Amino acid sequence: MALDLLKHDVNANPSQTLVQQPADEILGRIGSLETRLARTAREVDAAQAVRYRVFVEEMKAQLPPEAMRLRRDIDSFDAICDHLLVIDRAIEGEIEDQIVGTYRLLRHHVAMSHGGFYSASEFEIEPMLARHPDKQFMELGRSCVLPAYRTKRTVELLWQGNWAYALKHGMAAMFGCASFPGIHPEEHALALSFLQHNVGAKGEWAVAARPDLRREMDLVPPEGIDTRKALAAMPPLIKGYLRLGAMTGDGAVVDAAFNTTDVLVVLPISAISNRYINYYGADAGRFAS
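Structure report, in brief. (Residues numbered from 1 in each chain as written. Predicted model: local features only at pLDDT ≥ 70, side-chain atom pairs only at ≥ 80, totals over all residues. Heavy atoms only, no water.)

1. A look at the layout of surface pockets
Approximately 1,300 Å³ is the volume attributed to the largest pocket. Considering the residues around the largest pocket, the lining is formed by 46 residues, among which Tyr103, Ser143, Cys144, Pro236 and Leu237 are closest to the centre. Elements that contribute at least two residues to the lining of the largest pocket include exactly helix H1 (41–58), strand S4 (99–107), strand S6 (137–145), helix H6 (152–168), strand S7 (173–181), helix H9 (236–244), strand S12 (260–268) and helix H10 (274–280). (1 Å grid on protein atoms, 1.4 Å probe; cavity = no way out; pocket = protein on both sides within 12 Å on 5 of 7 lines; lining within 4 Å. Points joined across faces, edges and corners; volume = space filled by probe spheres on them. Helix = DSSP H or I, 4+ residues; strand = E, 2+ residues; numbered from the N terminus.)

2. Some thoughts on the pattern of salt bridges
Considering all chains together, one arrives at 20 salt bridges under this definition. Note that arginine 69 and glutamate 66 form a salt bridge whose closest N and O atoms lie 2.6 Å from each other. Here arginine 69 and its partner glutamate 66 are both found in helix H2 (residues 65–70), three residues apart, which amounts to about one turn of the helix. Residue classification places arginine 69 among the exposed residues on the basis of a relative accessible area of 55%. Classification of glutamate 66 as partly exposed rests on a relative accessible area of 28%. Members of the salt-bridge network, linked through shared partners, are Arg51, Asp73, Asp75, Asp78, Arg104 and Arg142. (Salt bridge = Lys/Arg side-chain N within 4 Å of Asp/Glu carboxyl O. Buried < 20%, exposed > 50% of the residue type's maximum accessible area, 1.4 Å probe, protein only.)

3. Let's talk about the state of the cysteines
Considering all chains together, one arrives at zero disulfides under this definition. No disulfide involves cysteine 144; its sulfur sits 14 Å from the nearest other cysteine sulfur, which is in cysteine 81. Cysteine 177 takes part in no disulfide bond, and the closest cysteine sulfur to it belongs to cysteine 81, at a distance of 13 Å. (Disulfide = S-S within 2.5 Å.)

4. Some thoughts on unusual backbone geometry
For arginine 71, which is not a glycine, the phi torsion comes out positive at approximately 60 degrees. By secondary structure assignment, the location of arginine 71 is in the loop between H2 and strand S3 (82–88). Here arginine 71 falls in the partly exposed class, since its relative accessible area comes to 43%. For alanine 284, which is not glycine, the phi dihedral falls at a positive 60 degrees. Examined against the element boundaries, alanine 284 turns out to sit in the segment after H10.

5. Regarding the nonpolar core
Judged by nonpolar contacts, the single largest core of 70 residues is most densely connected at Trp159, Met174, Leu195 and Val263. Contacts of methionine 174, omitting those with residues within four sequence positions, involve Met138, Leu140, Trp159, Asn162, Trp163, Ala166, Val265, Val266, Leu267 and Ile269. Residues Phe77, Cys81, Tyr118 and Phe123 belong to the second largest nonpolar core, which totals 25 residues. (Core = buried A, V, L, I, M, F, W, Y, C linked by side-chain atoms within 4.5 Å. Contact = heavy atoms within 4.5 Å.)

6. Structural notes on empty space enclosed by the protein
A full pass over the atoms with the stated rule returns two cavities of 30 Å³ or more. Of the pockets and cavities examined, the largest cavity occupies roughly 80 Å³. Around the largest cavity, the lining residues are Trp159, Trp163, Met174, Leu244, Leu267, Ile272, Tyr276, Ile277 and Tyr280. Put simply, the parts of the chain that give the lining of the largest cavity at least two residues each are H6 and H10. For the lining of the largest cavity, the element with the highest residue contribution is H10, accounting for three residues. Within the lining of the largest cavity, the residues separate by chemical class into nine nonpolar, no polar and no charged. Roughly 30 Å³ of volume is contained in the second largest cavity. Taken together, Leu140, Met174, Phe175, Gly176, Tyr241 and Val265 make up the full set of residues lining the second largest cavity. (Nonpolar A, V, L, I, M, F, W, Y, C, P; charged D, E, K, R; others polar.)

Here you go:
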């Protein structure tokens, strides 16, 4: 990994987590749900607690001992990222009790000032970045929503927040690791093969898994792929990326700690379907407050 930061390095005192870009504005609202960036270290800590509930309690990730003790999914990237939240104002209690979903956002110049992107621990993203010296990239990661809130409204608000953030900061492309459950790629042979044969990133957007970690995705020949069944076998997050116009990198990576098989998703802003730009608004005004 060409980073100074460790993939699962734990900040032993979450209250000292830094918020890269405090923001007061609400980025979107639907009913009692709203989305905005975390404003305080306490809110980041609460987002890390939501991540723990999803990744460890539900998906059986194995974090370092200190993270398990704190019951927080924490790593060193948290201090340099912005944390997008979905909040349910209908829940009684403090703001920390109202966070039901989160996304971690890392901008290009921030990453370059602090050792690089998280995804570089699994994928060779540097050649792709080098082919676009005039473009700013934005890494999406640690996406999770509590089970009771895995609805269309919550997903729409998360994308409303991502879109508004990308526009505000002049991002040219989004990318990040997206996961299949489990550490056996062959269990997802149909879906992985569909990605490899049909939406693999090519040319200027080509990107590959690190050779030392690479697992093949080409597990079913093209003629043996049933598109409808392949899409039905996709995790909802990956299907959502594909609807927007995303591509995937060449090769998967098994993340044993998180109990997942990861693919890299690449989404140039120019590739986003007009249907979705029109829906969310070219100015991200669809659900803006």
